[in-house]
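Commentary on secondary and tertiary structure
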Amino acid sequence: MLPAGLVAAICLTAVVVAGVRITGELTRAPHPAELRQASVLEVARRWQTWSAGKIFPATVGYTLEEGGPETARLVGIGTAASCDTGLDPAAAGAVRPYGCRAVLRATYLDQSQGSAMTVGVAAFPDERSAAQAKNGLRSVKGPARLRALAFPDSAVARFADSAVQRSAAAAQSGPYVAFAVIGYADGRPPPPNRQGGLLPDVADDLAKAVLTPLATPARVDCVQPGWSC
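Residues numbered from 1 in each chain as written. Predicted model: local features only at pLDDT ≥ 70, side-chain atom pairs only at ≥ 80, totals over all residues. Heavy atoms only, no water.

1. As for the environment of G78
In this fold, G78 is placed in the loop between β2 (68-77) and α5 (83-86). Residue classification places G78 among the partly exposed positions, given a relative accessible area of 23%. Excluding residues within four positions of it along the chain, G78 makes contact with R105, L149 and F151. (Helix = DSSP H or I, 4+ residues; strand = E, 2+ residues; numbered from the N terminus. Buried < 20%, exposed > 50% of the residue type's maximum accessible area, 1.4 Å probe, protein only. Contact = heavy atoms within 4.5 Å.)

2. Let's talk about the confidence of the model for the protein
When pLDDT is averaged across the protein, the result is 83; 77% of the residues are at 70 or more. Note that residues 14-20 has pLDDT below 50 and, in this model, 0 contacts with residues that lie over four places away or in other chains. For residues 22-26, every residue scores under 50 in pLDDT, and the model assigns this stretch 0 contacts once sequence neighbours within four places are set aside. (pLDDT = per-residue confidence, 0-100.)

3. Focus: unusual backbone geometry
For Q113, which is not glycine, the phi torsion reads 65° and is therefore positive. Positionally, Q113 belongs in the loop between β3 (102-109) and β4 (115-123). According to the relative accessible area criterion, Q113 is exposed, its value standing at 55%. Here D153, not a glycine, exhibits a phi torsion of approximately 55°, which is positive. Mapped onto the secondary structure, D153 falls in the loop between α7 (127-138) and β5 (164-173).

4. Let's talk about the nonpolar core
Counting 31 residues, the largest nonpolar core has Y108, M117, Y176 and L206 as its most contacted members. Where this core is concerned, the elements lending two or more residues are β1 (59-64), β3, β4, β5, β6 (176-184) and α8 (203-215). Here the element with the most residues in this core is α8; it accounts for 7 residues. In this structure, A94, A122, L146 and A148 belong to the second largest nonpolar core, which totals 28 residues. (Core = buried A, V, L, I, M, F, W, Y, C linked by side-chain atoms within 4.5 Å.)

5. Section: the pattern of salt bridges
Enumeration according to the criterion identifies 4 salt bridges in this entry. D161 serves as the salt-bridge partner of R147, at 2.8 Å between the closest nitrogen and oxygen. With R147 in the loop between α7 and β5 and D161 in the loop between α7 and β5, this pair connects stretches of sequence that are 14 residues apart. (Salt bridge = Lys/Arg side-chain N within 4 Å of Asp/Glu carboxyl O.)

6. Notes on the packing of aromatic side chains
Scanning all chains against the criterion turns up 0 aromatic pairs. Directly above the aromatic system of W50 lies the positively charged group of K54, at a separation of 4.2 Å from the ring centroid. The ring of Y184 carries the charged tip of R188 above its face, separated from the ring centre by 3.9 Å. (Phe/Tyr/Trp six-rings, centres within 6.5 Å; stacked < 30°, edge-to-face > 60°. Lys NZ or Arg CZ within 6 Å of the ring centre and 35° of its normal.)

7. Focus: α8
Here α8 is 13 residues long and its end C-alpha atoms lie 18 Å apart, about the 18 Å a rise of 1.5 Å per residue gives. Along α8, the positions that sit buried rather than exposed are A203, L206, A207, V210, L211, L214 and A215. (Expected span 1.5 Å × (residues − 1).)

8. As for the state of the cysteines
In total, this model carries 1 disulfide according to the counting rule given. Covalent S-S linkage joins C83 and C100, the inter-sulfur distance amounting to 1.9 Å. Handedness here is read from the sign of the S-S torsion; for C83 and C100, about -80°, the answer is left-handed. Placement of C83 in helix α5 and of C100 in the loop between α6 (89-95) and β3 is noted, with a sequence separation of 17 residues between them. (Disulfide = S-S within 2.5 Å.)

Laid out in structure tokens, this is it:
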């Protein structure tokens, strides 16, 4: 039987060694894999953690084939909607199997103030799910669109799905897929027998202008709130 003093010394040594190991684990720099995972998680949470005004800026740029660059002005930002609410049935059905979490939408007015432009972002659990959803949208026969978003007592009060002339499921980046629809702000329907209508096709520009900053990873900072390192 060991003397009580020796047993106490052994126990103390074990405690000290364990403490050193724990301290080293808590104070060590994150591994590269941990930094990558932290970056992925931060981007995936942005649809919930970023302010609406950060996701949808006051102005977005687009370029006309004839006329050059122009700027659209924000009219209003909607609340987060379910994918069945924010997308038409065809689009919602295409993305539902891949875990679509929500659709964020905002409507802009073009520089001439004649066209309404609803831009939206669908959030998914991860990049793989979003890529699968994008491919699912490509397989849909016929339109698979974002729903137009009108705001009462505004220049886009009459904008509705029936007024949409052009649309795009423009791009996928990270855990997000971006959409845009364009039509006359006064609610006029597309002209008959005129595919794509009379409005310029800038839906891709608008969707990517919102998607790019939302899905671009930031430099990992484990000290700041919102990071999980």
